[in-house]
Amino acid sequence: QVQVVESGGGLVQPGGSLRLSCVARRAITSVFNAYTMAWYRQAPGNQRELVATVERLGSTNYEDSVKGRFTISRDNANKRVYLQMNSLKSEDTAVYYCNTVGTHWTWGQGTQVTVSS
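All residue numbers refer to positions counted from 1 along the written sequence of the respective chain. Local features are withheld for residues below a pLDDT of 70 in this predicted model, meaning they are given only at 70 or higher, and side-chain atom pairs are given and counted only at 80 or more; totals for whole chains, interfaces and linings count all residues. As a rule here, side-chain values cover all heavy atoms of the structure and leave hydrogens and water aside.

**Q** How do you make sense of the overall build of the protein chain when you look at a structure like this?
**A** Segments assigned H or I by DSSP are reported as helices when at least four residues long, segments assigned E as strands when at least two residues long, and all are numbered from the N terminus. Counting its secondary structure elements, the protein chain contains 1 helix and 10 strands. Along the chain direction, N to C, the helices and strands of the protein chain fall in the order β-β-β-α-β-β-β-β-β-β-β. For 117 residues, the compact-globule formula gives about 13 Å, and the C-alpha radius of gyration of the protein chain, at 13 Å, lands near that figure. Projected onto its principal axes, the C-alpha positions of the protein chain cover 40 × 25 × 20 Å. Burial status across the protein chain gives 42% buried among its 117 residues. Considering only contacts within the protein chain whose residues lie at least 6 apart along the sequence, 54% involve residues at least 24 apart. Counting only carbon and sulfur atoms, one obtains 45% of the accessible surface of the protein chain, whose full area is about 6100 Å². Positive charges are assigned to Lys and Arg, negative charges to Asp and Glu, while His and the chain termini are left out of the count. Charge positions come from single atoms, namely NZ of Lys, CZ of Arg, CG of Asp or CD of Glu. For the protein chain, the distance from the average site of its 12 positive side-chain charges to the average site of its 8 negative ones is 8 Å. Note that the radius of gyration is over C-alpha atoms, with the globule rule given as 2.2 Å times the number of residues to the power 0.38. When accessible area is computed with a 1.4 Å probe and restricted to protein chains, residues below 20% of their type maximum are described as buried, those above 50% as exposed, and intermediate ones as partly exposed. We call two residues in contact when some of their heavy atoms are within 4.5 Å. Here, Shrake-Rupley sampling with a 1.4 Å probe gives the accessible areas, and only protein chains in the shown set may cover a residue.

**Q** I tried to follow the nonpolar core on my own but got confused; where do I start?
**A** Nonpolar side chains in soluble globular proteins generally cluster together in the buried interior. Ranked by internal contacts, the top residues of the largest apolar core, which has 28 residues, are Trp39, Phe70, Val81, Leu83, Met85 and Tyr96. Elements represented by at least two residues in this core include exactly β3 (18–25), β4 (37–42), β5 (49–54), β7 (70–75), β8 (80–85), β9 (94–100) and β10 (111–115). It is β3 that provides the largest number of residues to this core, a total of 4 residues. Setting aside anything within four residues of it in sequence, one finds phenylalanine 70 in contact with Arg41, Val51, Tyr62, Leu83, Gln84, Met85, Asn86, Leu88, Asp92 and Tyr96. Joining through side-chain atoms within 4.5 Å is the link that ties buried Ala, Val, Leu, Ile, Met, Phe, Trp, Tyr and Cys residues into a set, and such a set is a nonpolar core.

**Q** Sorry, what's going on with the pairing of β3 here?
**A** Across a regular strand the side chains alternate sides, sitting on one face of the sheet and then on the other. Along β3, 6 of the 8 residues are buried, which leaves the element largely enclosed by surrounding structure. DSSP-based pairing: two strands are paired if at least 2 bridges between them are found. As defined by bridge partners, β3 adjoins β8 across 6 bridges and the pair is classed as antiparallel. Bridging from a neighbouring strand, valine 23 pairs with arginine 80 of β8.

**Q** Where do I start with the state of the cysteines in this structure?
**A** Disulfide: a covalent bond connecting the sulfur atoms of a pair of cysteines. Two cysteine sulfurs form what is called a disulfide whenever their separation falls within 2.5 Å. Overall, the coordinates contain 1 disulfide when judged by the stated rule. The side chain of cysteine 22 participates in a disulfide bridge whose partner is cysteine 98; the two sulfur atoms lie 2.3 Å from each other. One disulfide, between cysteine 22 and cysteine 98, carries an S-S torsion of -75° and so falls in the left-handed class. Of the two residues, cysteine 22 is situated in strand β3 and cysteine 98 in strand β9; the sequence distance between them amounts to 76 residues.

If you want it as structure tokens, here you go:
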């Protein structure tokens, strides 16, 4: 069973930066490489929303509110996905999750990002 493990969250002031990391454990590299990967987030009282996607060869797409501030990337050989988050706003506060697009793997625990002064 593929297990995704997110890390890198924390408390940061508005305007600050964080770099999130996700590793797909128990997934062979060829399987990981077959999927578009994504970062999602969920704030209290809200539905989980798609933040950014990265296709197998690196093409990316972003939700409008994070364009120009977030960068998603992947390391296929090491089965990792990253989210560089710059110019953070309080509205970015949420639990961030990593997963595939479409048919999802089992959700991980996510990593908490809190943007506050």
